[in-house]
Amino acid sequence: MNWYPIFLREMIQFKKKLFRLGYIFTSMMVPLLYLLAFGLGLGRSVEIPGGTYLGFLLPGLVAMSSMNNSYNWVASGLNLSRVYFKTFQVLIQAPIAPTSIMAGYVLAGMVRGLFASLMIILVGLVSGAGFHLSWLFLFTLLLNCFLFANMGVLIGMLTKTHEDTSTYANFFILPMVFFSGTFFPIDRMPKLLQYLILCLPLTHTNILIRKPVLDREGISAILVMAGYALLFFILGSQKIKNYSE
Amino acid sequence: MIELEQLTKDYGKIKAIEGLSFRIETNEIFGLLGPNGAGKSTTIKILTTLVKPTAGRALLDGIDVVGQPLEIKKRIAVVPQENNLDREMSAFDNLRLYGLLHHIPGLESKIEEQLRSVGLWERRNDNILTFSGGMQRRLLIARAVLGRPKVLFLDEPTIGLDPQVRREIWNMIRRIKAQGGTILLTTHYIEEAEALSDRVGILSQGKLIALDTPANLKKMVGEYVVEYSDRDGSRVYRMCASREDAQCHLQEAETEVTMRKSNLEDVFVKLTGGRIEQ
């Protein structure tokens, strides 16, 4: 339970931010805008075999939103805490293991990712687009939040300035938003690009989150996501362990 | 208690500290004095596990700071130079989270005791952003002593504070020593180093250039100083071993002359030719 004080600290801050209009807007309204623009606008002209475009888009937006929020909350918060406010140093100087610091941040990032997904899930449930919650869907959502919160810690530890956090987001997060199967199936991309896209973790989230039941492709998606999460967890913990100013 | 052996830290070509070796005894207030950039904060950061040294080693209770950081962290507390309280949290929450991180038993009562001792109990639920600089410093010290650490590190504890708050903080530091604490304090305030330290180490450009009690350091350069301006306006300082000796030098001056007791600034001037307080 050494992770608990870090988690608690993040939750106290989260609670304070929750009632600010700006926060609600950035975490929930942005995916809703995507939903309106792509789902209701562009979506009319897109055909998805065996379903509606809205039914295809909604799980993708949940994956995207949970990724963005889990990642951003942790990467940005950790960078600010380390570089500007120096509050991260309080954690480094406390008698707790680097993996506990890592776990505290990751769990807090997951909460934020889940919270941001909530509104899209609610829209999906009332939209009549054939969207339904399953255990596999919830498991994928949790795993996705876990994966990208871990990535957030790693990037938060790597970045030297707050601007660097945006640079990393532009290089890694933004391409995933558009090419990993959030807005259209990846088989519509050129074959060569598809191989590259399959290397992106969000692609596997999008594969898994749309599956009604777990099959072989789903299991391999879980393995890829878990592999990435484990890699980020190990690298992030190492960065915390070897922290030196 | 604390032992530094040839401790060195480089940042590329810049040597932040170079070959520092000294001991700090139990229940001692040890002052590290030097101008900005002398290596005081780097030394504290190494001893508190924030910075890894390039060479040499530091031991606390015989435990290697780099080799067993978790064991070190159980024994120490830090008041950093920068305020690193969580700004958007209350005073109580700041101390509670610190207490949980350090596994401090009987936390609620200890928080109350510390907040009362620094006069902030009535403000316990207020956001840190509403606190003055002096209140935040007091809270940082209350947070650091919450778990009764064996060694307390204070990095420029009164920087930027007005004289009255500075003296309040000095009294807090003296109380911590009276309760058995060992303290390593960095400062570039001469008066602070003299008022608080049992022994003082003087740092210049990353090197330890003198170490002794403030009284002995002053004796080393002469207990009296005669100070005057020469013909081209440069300030002249004559270090004198005794009052009689100083009185002889009074005759040399052609302008207004001052005779006073020497201080640690004079020691620094004598040893380096520069000044500590800019």
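Here the structure is a predicted model, which means the values were calculated and not measured.

**Q** Lay out the interface of chain B and chain A with the relevant residues and their values.
**A** Facing the 23 residues of chain B at the interface are 20 residues of chain A. Of all the elements in the fold, those that place two or more residues in the side of chain B that touches chain A are helix 2 (69-73) and helix 3 (91-101) of chain B. Residue composition of the side of chain B that touches chain A, by class: ten nonpolar, four polar and nine charged.

**Q** Which residues make up the sheet that holds strand 11 (residues 224-229) of chain B, and what values go with them?
**A** Residue and element names in this part refer to chain B. Strand order in this open sheet of three strands is 12-11-13, and the pairing throughout is antiparallel. Each having just a single partner strand, strand 12 (235-240) and strand 13 (257-261) make up the two edges of the open sheet. Strand-to-strand twist across the sheet, computed as the mean angle between neighbouring axes with direction ignored, equals 20°. Pairing of strand 11 with strand 13 involves five bridges; the strand directions are antiparallel. Across the sheet, residue Glu227 finds its bridge partner in strand 13, namely Thr258.

**Q** If you had to explain the packing of helix 3 (residues 53-84) of chain A against helix 5 (residues 98-127) of chain A to someone new, which residues and values would you point to?
**A** Residues and elements named next belong to chain A. The contact between helix 3 and helix 5 brings their axes to 8 Å, and the two run at 155°. Judged by the angle between their axes, helix 3 and helix 5 are roughly antiparallel. Every pair of crossing elements has a handedness; the one defined by helix 3 and helix 5 is right-handed. Within the contact between the two elements, helix 3 uses Leu54, Leu58, Leu61, Val62, Ser65, Ser66, Asn69, Ser70, Trp73, Val74 and Leu78 and helix 5 uses Tyr105, Gly109, Met110, Arg112, Gly113, Leu114, Ala116, Ser117, Ile120, Ile121, Gly124 and Ser127. Counted by class, the contact of helix 3 with helix 5 contains 13 nonpolar, nine polar and one charged residues.

**Q** Outline the nonpolar core, listing residues and values.
**A** By size, the foremost hydrophobic cluster in this structure holds 136 residues, and its most contacted members are Tyr105(A), Val153(A), Ala142(B), Leu152(B), Phe153(B), Ile183(B) and Leu184(B). For this core, the element with the highest residue contribution is helix 3 of chain A, accounting for 15 residues. Of the residues that make up this core, three or more belong to each of domain 1 (2-213) and domain 2 (217-272) of chain B.

**Q** So what about helix 6 (residues 163-178) of chain B? Which residues, and what values?
**A** All names here are of chain B. Its 16 residues place the ends of helix 6 23 Å apart at the C-alpha level, agreeing with the 22 Å of an ideal helix rising 1.5 Å per residue. Taken together, the buried positions of helix 6 are Ile169, Ile173 and Ile176. Buried residues along helix 6 cover an arc of 55° about the axis, so they all sit on one side. Residues of helix 6 that are exposed and point more than 90 degrees away from the buried face comprise Pro163, Gln164, Asn171, Arg175 and Ala178. Just past helix 6, the residue Gly180 takes up positive phi, approximately 100°.

Conventions we followed
- Residues numbered from 1 in each chain as written.
- Chains lettered and ligands numbered in written order.
- Predicted model: local features only at pLDDT ≥ 70, side-chain atom pairs only at ≥ 80, totals over all residues.
- Contact = placed C-beta atoms within 7 Å.
- Helix = DSSP H or I, 4+ residues; strand = E, 2+ residues; numbered from the N terminus.
- Nonpolar A, V, L, I, M, F, W, Y, C, P; charged D, E, K, R; others polar.
- Pairing = 2+ DSSP bridges.
- Axes fitted to C-alpha atoms, helices over the stretch in contact; angles between N-to-C directions.
- Parallel < 35°, antiparallel > 145°, perpendicular 65-115°, else oblique.
- Left-handed = near helix turned anticlockwise from the far one by under 90°.
- Core = buried A, V, L, I, M, F, W, Y, C linked by C-beta atoms within 7 Å.
- Buried ≥ 20, exposed ≤ 12 C-beta atoms within 10 Å, placed from the backbone.
- Domains from an automatic or database assignment.
- Expected span 1.5 Å × (residues − 1).
- Arc of directions from axis to C-beta.

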